[in-house]
Amino acid sequence: MTDTPRLPEGYEISTDPARIDAARVHRWLSTDAYWALGRSREKQDSAIEGSLNFGVHDTRSGEQVAYARVVTDRATFAWLCDVYVDPAVRGEGIGTALVALVREDLRSCGVKRVMLATHDAHGVYAKLGFRPLERPDQWMALALG
């Protein structure tokens, strides 16, 4: 975990909310992400507005190619969610570099714990230091809908 993965040449990461392509993010998540299938545009826009957002952009075209959202107080706790890489650029290391940058950004704020849930990407996150909960019996969830 000492090496921080870097984005491939020709890509950049931005946290500028104005650079998030909300329509593209909504299309990706609502049609191709198992955890957000059918999510409404209104719900997605609200989630974006209330979160810290990270977009990866192709520097040649300006097009957004990946996204991650963090729900956080930027002091003690963060929830990493909605991590998505466009299928056209998967396998280039963009997702790993994106999550590494999120990790470093949160670390610089003093956040001590970052949570996430994944069904199929445990290996990707493990490379960046994420581990299963040591005491899952101490955690609870409230499902409201």
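Residues numbered from 1 in each chain as written. Predicted model: local features only at pLDDT ≥ 70, side-chain atom pairs only at ≥ 80, totals over all residues. Heavy atoms only, no water.

Across the sheet, which stays open at both edges, the 5 strands sit in the order 1-2-3-4-5 with mixed pairing between neighbours. Two strands in the sheet have a free side with no partner beyond their single neighbour: strand 1 (11–14) and strand 5 (113–115). Each adjacent strand pair in this sheet contributes to an overall mean axis angle of 20°, direction not counted. Across 6 bridges, strand 3 (residues 64–72) lies against strand 4 (residues 77–85) in antiparallel orientation. Following the sheet pairing, R69 is matched in strand 4 by C81. Contacts from helix 2 (residues 41–49) reach strand 2 (52–58), strand 3 and strand 4 within the one sheet, and its direction differs from that of strand 3 by about 65°. Against the sheet, helix 3 (residues 94–108) engages strand 1, strand 2, strand 3, strand 4 and strand 5, with an angle of about 30° to strand 3. (Pairing = 2+ DSSP bridges. Helix = DSSP H or I, 4+ residues; strand = E, 2+ residues; numbered from the N terminus. Axes fitted to C-alpha atoms, helices over the stretch in contact; angles between N-to-C directions. Contact = heavy atoms within 4.5 Å.)

Here we come to helix 2. Of the residues making up helix 2, those classed as buried are Q44, A47 and I48. The arc that holds the buried residues of helix 2, viewed along the axis, is 100°, so those residues lie on one side. Residues of helix 2 that are exposed and angled more than 90 degrees away from the buried face: E42, K43 and E49. Along its buried surface, helix 2 packs onto helix 1 (22–32), strand 2, strand 3 and strand 4. (Buried < 20%, exposed > 50% of the residue type's maximum accessible area, 1.4 Å probe, protein only. Arc of directions from axis to C-beta.)

On to the packing of aromatic side chains. When we look at a pair of aromatic rings, we describe it by the centre distance and by the angle of the planes. Scanning all chains against the criterion turns up 3 aromatic pairs. The positively charged end of R60 is found above the aromatic ring belonging to Y11, 5.5 Å away from the centroid. Above the ring of Y84, the side-chain terminus of R90 is found at 5.0 Å from the ring centroid. (Phe/Tyr/Trp six-rings, centres within 6.5 Å; stacked < 30°, edge-to-face > 60°. Lys NZ or Arg CZ within 6 Å of the ring centre and 35° of its normal.)

Close contact between helix 1 and helix 2 brings their axes to 10 Å; oriented N to C, the two are set at 115°. In this structure, helix 1 crosses over helix 2, and the sense of that crossing is right-handed. Here helix 1 contributes A22, A23, V25, H26 and L29 to the contact with helix 2, which in turn contributes R41, Q44, D45 and I48. Across the contact of helix 1 with helix 2, the residue classes break down as 5 nonpolar, 2 polar and 2 charged. (Left-handed = near helix turned anticlockwise from the far one by under 90°. Nonpolar A, V, L, I, M, F, W, Y, C, P; charged D, E, K, R; others polar.)

The next point concerns the side chain of R69. Relative to the helices and strands, R69 is located in strand 3. Under the relative-accessibility criterion, R69 is labelled buried at 10%. A polar contact of 2.9 Å, which involves the side chain of R69, links it to the side chain of D82. Not counting residues within four places of it along the chain, the set of residues in contact with R69 comprises R39, A47, I48, S51, L52, N53, W79, L80, C81 and D82. (Polar contact = N/O pair within 3.5 Å; in protein donor to acceptor, adjacent residues only side chain to side chain.)

Side chains bearing opposite charge may pair, as long as their charged atoms lie close to each other. Per the counting criterion, the structure on display carries 12 salt bridges. Residue R41 pairs with D45 through a salt bridge whose shortest N-O separation is 2.9 Å. Remark: D45 and R41 occur in helix 2; sequence separation between them is 4 residues, near one turn of the helix. The class for R41 is partly exposed, based on a relative accessible area of 36%. The closest approach of N and O atoms between R69 and D82, which form a salt bridge, is 2.9 Å. Of this pair, R69 sits in strand 3 while D82 sits in strand 4, placing them 13 residues apart in sequence. Salt bridges sharing common partners tie together D21, R24 and E63. (Salt bridge = Lys/Arg side-chain N within 4 Å of Asp/Glu carboxyl O.)

That is the geometry; function is a separate question.
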